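What follows is each chain in one-letter form.
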Amino acid sequence: MIKKFFEEFKQFISKGNVLDMAVGVIIGGAFSTIVTSLTDNIIKPLINLIGGANVKGIIHLPKDQVIDYGSFLSAVINFLIMAFVIFCIVKAVNKAMALGKKEEKPAAPTTKICPYCKSEINIEATRCPHCTSVLEEKEKTPAQKTAEAIIMILPLLCGCIAMAEYVILPNNSRNSKPWSYVWVLGAAMCIYLVCFIVSLIRRARGEKQFYERLRYKAPRYAALFIFLAVYDYLTLKTGTLTQPFVPCMNYIINAFLVDYKMLADCTLNTLKLLFIGYSIGVTLGLITGIACGYSKKARYWLDPIIKFLGPIPTSTWIPIIMVVATSLFGGAVFIIALGSWFAVTVASLTGISNVGKEYFEAARTLGATNRQLVLHVAIPHAMPSILQGCTQAMSSSCVAIMIAEMLGVKSGLGWYMTWQTGWASYDKSFAALFVICFIFTLVTNGLERIKRYLLRWQNGAEK
């Protein structure tokens, strides 16, 4: 015990702060002698030499008591004079000591704050590692700026080429109402020109997103105008693609303008049939896919059915549906739903099966029930696969709906194409075909937007 006590005492007295304090006390005592000598032997005589401060003032009180406020004021004034003199001396000494030192520059900052998520990031970062936002771009070279300007005006140049090809080159066949195509081309070019001007204005204000999107799509628009010029040259100008079996763009536009009411009605009926079948197929696909992926018992019974029904082509079901279905509309819905069901089932099953066991074990440790394991662990982890299956199901539905509308439905774009082809109205068939392409492009883009929104946490993580 005694040995331990002396060891602790030895550690205490040998600590740096004790030694530093002792040195400070010794140096402070020695320095106080210098300060006392400076004030008593140098500063005070100089102050007395110039008169100092000697204020006289006494107040007499009863019982021979006196308030000598003059002495108090003299002491205050002398203190202020003394403090001012010492201040001047210290300032002069500090200034003299600073003459030989170089002024230290403040250290350059190494971090900055992301303006979007307010996270602290490296000062040289051009993209935030937390929210993946683009912070700043490198200055583009003159060659890059020239190339970008050419790309942005390329759709207008290609549109002018398509317009010149249609107007200047002679026609190989009769072309009634020739100005419809010109108006459509002109309207498309004007829309792009307005978007281009708006993007430049917003870019000047610091909003670059719209400009970047237009810059990304500009080559596609240019290619579209070139395609229209080549198609018109092969049909109307040279007859390489024989009319009326392959009508020119002006014929197709005129057919749309003549029969747009029926096309609109057929489009609504097609969308109705598409979304009913697609919704049923996706719902059933999610149920069977999640059940098979999570439960071994469900997979044991459903897996043979999936493998048997899935690979069968949609068109092979038509004879069976014609006999079994109580209504042709219900049969058409079944064909669309079947294709959607298989795509979503396989995608959901794959996504659920790929969830690591450690996630389920961690959730069970925290007290999760089977329902919570499915809703809060399995499905969120499999969401990318499920949404990919939904997108693939829409593509399958778009193909299946053309087959489904051949079962005898009384309205729809597929039915319209079959009907007009029977009357040799190929221009109207092509008009319906273009409407189908346009509608299904919008539907697919809508699904992609939903997918990007639900998987927005993946932004910046995709390769």
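Look above for the structure.
What you see is a predicted model; the values in this text were computed from it and never measured. Residue positions within a chain follow its written sequence, with the count starting from 1. Since the coordinates come from a predicted model, pLDDT governs what is reported: local features require at least 70, and pairs of side-chain atoms require 80 or more to be given and counted, while whole-chain, interface and lining totals use all residues. Excluding hydrogens and water, the side-chain values take into account all heavy atoms of the structure.

### Structural notes on the overall build of the protein
Secondary structure elements follow DSSP: runs of H or I no shorter than four residues count as helices, runs of E no shorter than two count as strands, and numbering proceeds from the N terminus. Helix and strand counts for the protein stand at 15 helices and four strands. Residues classed as buried in the protein amount to 30% of the 463 residues present. A contact between two residues is defined here by any heavy atoms of the two lying within 4.5 Å. Summarising the internal contacts of the protein: among those between residues at least 6 apart in sequence, 63% fall at separations of at least 24. Areas reported as accessible are Shrake-Rupley estimates using a 1.4 Å probe. Residue values count occlusion only from the protein chains shown. Carbon and sulfur atoms provide 67% of the accessible area of the protein, an area that totals close to 31,000 Å². Relative accessibility under 20% of the residue-type maximum defines a buried residue, over 50% an exposed one, and the middle range a partly exposed one, all with a 1.4 Å probe and only protein chains included.

### What to know about the packing of aromatic side chains
Only the six-membered ring of Trp is used, alongside the rings of Phe and Tyr, when aromatic pairs are assigned; centres must lie within 6.5 Å, and planes under 30 degrees apart are stacked while those over 60 apart are edge-to-face, with the rest tilted. In the structure shown here, the tally under the stated rule is nine aromatic pairs. Ring centres of Tyr300 and Trp301 lie 5.1 Å apart, and the angle between their planes is 85°; this geometry places the pair in the edge-to-face category. For the pair Tyr300 and Trp301, one class covers both residues: exposed. Site record: aromatic cluster; members linked through ring pairs are Tyr192, Phe196 and Tyr221. Look at NZ for Lys and CZ for Arg. If either is within 6 Å of the ring centre and within 35 degrees of the ring normal, a charge sits over the ring. One Lys or Arg, Arg203, reaches over the ring of Tyr211 and ends 4.4 Å from the middle of that ring.

### Overview of the layout of surface pockets
To locate leftover empty space, one rolls a probe as large as a water molecule over the atoms. Cavity means a closed set of points on a 1 Å grid over the protein atoms alone, one where a 1.4 Å probe fits but cannot get out, pocket means an open set with protein on both sides within 12 Å along at least 5 of 7 lines, and lining means a residue has an atom within 4 Å of a point. Grid points are joined across faces, edges and corners, and a volume is the space filled by probe spheres set on the points. The space that makes up the second largest pocket amounts to roughly 340 Å³. The wall of the second largest pocket is formed by 13 residues, among which Gly293, Tyr294, Lys296, Lys357 and Phe360 lie closest to the centre. Contributions of two or more residues to the lining of the second largest pocket are made by α8 (260-294), α9 (296-309), α11 (328-353) and α12 (357-365). Note on residue categories: nonpolar means Ala, Val, Leu, Ile, Met, Phe, Trp, Tyr, Cys or Pro, charged means Asp, Glu, Lys or Arg, and polar means any other residue, Gly included. Across the lining of the second largest pocket, the residue classes break down as five nonpolar, three polar and five charged.

### So, the pattern of salt bridges
One speaks of a salt bridge when a side-chain nitrogen belonging to Lys or Arg is within 4 Å of a carboxyl oxygen belonging to Asp or Glu. Inspection of the entire model under this criterion finds three salt bridges. Glu148 is the salt-bridge partner of Arg203, the closest N and O atoms lying 3.8 Å from each other. With Arg203 in helix α5 (residues 179-204) and Glu148 in helix α4 (residues 142-168), this pair connects stretches of sequence that are 55 residues apart. We classify Arg203 as partly exposed; its relative accessible area is 34%. Given a relative accessible area of 9%, Glu148 falls into the buried group.

### Points about a nonpolar patch on the surface
Together, Ile276, Ile280, Leu284, Ile287 and Phe329 make up a nonpolar patch on the protein surface, roughly 410 Å² of accessible area in all. Sorting elements by how many residues they give to the nonpolar patch places α8 first, with four residues. Its location among the elements puts Leu284 in helix α8. Residues enter patches when their relative accessible area tops 30% and they take part in no salt bridge; the joining distance is 9 Å for like charges and 5 Å for the nonpolar side chains Val, Leu, Ile, Met, Phe, Trp and Tyr.

### Observations concerning the packing of helix α13 (residues 370-404) against helix α15 (residues 426-454)
Packing of α13 against α15 leaves a shortest axis separation of 10 Å and a crossing angle of 165°. Judged by the inter-axis angle, α13 sits roughly antiparallel to α15. As for the relative orientation of α13 and α15, their crossing is right-handed in sense. Counted together, Leu387, Gln388, Cys390, Thr391, Met394, Cys398, Ile401 and Met402 of α13 and Ile436, Phe440, Val443, Leu447, Glu448, Lys451 and Leu454 of α15 form the full contact between these two elements. Partitioning the contact of α13 with α15 into residue classes produces eleven nonpolar, two polar and two charged. For every element, the axis is a line fit to its C-alpha atoms; helices are fit only across the contacting stretch, and the angle between N-to-C directions ranges from 0 to 180 degrees. Between 65 and 115 degrees an angle is taken as roughly perpendicular, under 35 as roughly parallel, over 145 as roughly antiparallel, and anywhere else as oblique. Crossing handedness: left-handed means the near helix sits turned counterclockwise from the far one by under a right angle, and right-handed means the same turn made clockwise.

### Here we look at the side chain of Lys237
Looking at where Lys237 falls in the secondary structure, it is placed in helix α6 (residues 209-237). Under this rule, positive means Lys or Arg and negative means Asp or Glu; His and the chain ends count for nothing. We note that Lys237 is buried and unpaired, the nearest opposite charge coming from Asp232 at a distance of 4.4 Å. Within the structure, the side chain of Lys237 is placed 2.6 Å from the side chain of Asn171, a separation counted as a polar contact. Residues adjacent in sequence count toward polar contacts only when both atoms are side-chain atoms; beyond that, a polar contact is any pair of N or O atoms within 3.5 Å, and within protein one must be able to donate a hydrogen and the other to accept it.

### Concerning the nonpolar core
Most often, soluble globular proteins have nonpolar side chains that are buried together. Take the buried Ala, Val, Leu, Ile, Met, Phe, Trp, Tyr and Cys residues and link them wherever side-chain atoms come within 4.5 Å; each set so joined is a nonpolar core. Within the largest apolar cluster, 69 residues are counted, with the highest numbers of intra-cluster contacts made by Tyr181, Leu185, Tyr278, Met394, Ile401 and Phe440. Among the elements that make up this core, the one with the highest residue count is α13 (15 residues). When residues no more than four places from it in sequence are discounted, the contact partners of Tyr278 are Ile336, Ser340, Cys390, Ala393, Met394, Ser397 and Leu447. The next biggest cluster of nonpolar side chains, apart from the first, holds seven residues, and it includes Met152, Leu156, Tyr211 and Leu214.

### Re the state of the cysteines
Cysteine sulfur pairs qualify as disulfides if the two atoms are within 2.5 Å. Applying the stated criterion to the full structure yields zero disulfides. Cys160 forms no disulfide, and the closest cysteine sulfur to it belongs to Cys158, at a distance of 9.2 Å.

### Focus: the environment of Glu124
Positionally, Glu124 belongs in the loop between β4 (120-122) and α4. In sequence terms Glu124 and Lys112 are twelve residues apart; their C-alpha atoms lie 8.6 Å from each other.

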